[in-house]
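# Descriptive analysis of the structure
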Amino acid sequence: MARPMMIALTLSMLAAAPALAQTPATYVAKAGASDLYERTSSQLVLQSTKDAKIRDFATMMIRDHQKSTADVKRAATAARVAVPAPKLEPAQAQMVAELRRATGAARDRLYVTQQRTAHQQALALHSGYAQNGTAAPLKTVAAATAPVVQHHIEMLQGM
């Protein structure tokens, strides 16, 4: 259990770091990784959860993060920024691996813990780019995505 806590702490520290002016390409890559993690982890938990609340949340994560991926791609195209194939960052890949190893109610609890951390990081990413980004179409998408992420955080507080 110490390892998931270490990853959560690391991601929390990253999320709390001041949002430095990221390049548009960096924002697009990080947003893609974030959405990929959300979809992957949610699909994984849907394979096993018996909890209706978690099932509903995971289903919403897949839908909402498919939409944000499409929105970022559209904005990147408008800003003439290349959109790489999304790739999990190392900490995200580790969290997915931990979810794969967990089972039953322990997987559900780990999923919720990871979601809280990942959403704090996503909120920092989108809010930071909305405030400090340099590509107008991406700033618009980041500003529209941040409240959705905030809503997810609020939902997680009740889980």
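Everything numeric in this text was worked out from a predicted model, so none of it was measured. (Residues numbered from 1 in each chain as written. Predicted model: local features only at pLDDT ≥ 70, side-chain atom pairs only at ≥ 80, totals over all residues. Heavy atoms only, no water.)

## Looking at helix α3 (residues 52–78)
The end-to-end C-alpha distance of α3 is 39 Å, a good match for the 39 Å that 27 residues give at a rise of 1.5 Å each. Once α3 ends, the next one or two residues include R80, with phi positive near 60 degrees. (Helix = DSSP H or I, 4+ residues; strand = E, 2+ residues; numbered from the N terminus. Expected span 1.5 Å × (residues − 1).)

## A short note on the packing of aromatic side chains
For the coordinates displayed, the defined rule picks out two aromatic pairs. Relative to Y129, the ring of Y27 has its centre 4.4 Å away and its plane inclined at 20 degrees; by these criteria the two rings are stacked. In this pair, Y27 sits in helix α2 (residues 24–46) while Y129 sits in helix α5 (residues 104–132), placing the two residues 102 residues apart along the sequence. Y129 matches Y27 in its accessibility class, with the two residues each being buried. For the pair F57 and Y111, a centre-to-centre distance of 6.4 Å together with 70 degrees between the ring planes defines the contact as edge-to-face. One end of the pair, F57, is in helix α3; the other, Y111, is in helix α5, and 54 residues separate them in sequence. Given the relative accessible area of 2%, F57 is considered buried. The class of Y111 is buried, set by a relative accessible area of 0%. (Phe/Tyr/Trp six-rings, centres within 6.5 Å; stacked < 30°, edge-to-face > 60°. Buried < 20%, exposed > 50% of the residue type's maximum accessible area, 1.4 Å probe, protein only.)

Geometric descriptors of this kind do not, in isolation, establish any biological role.
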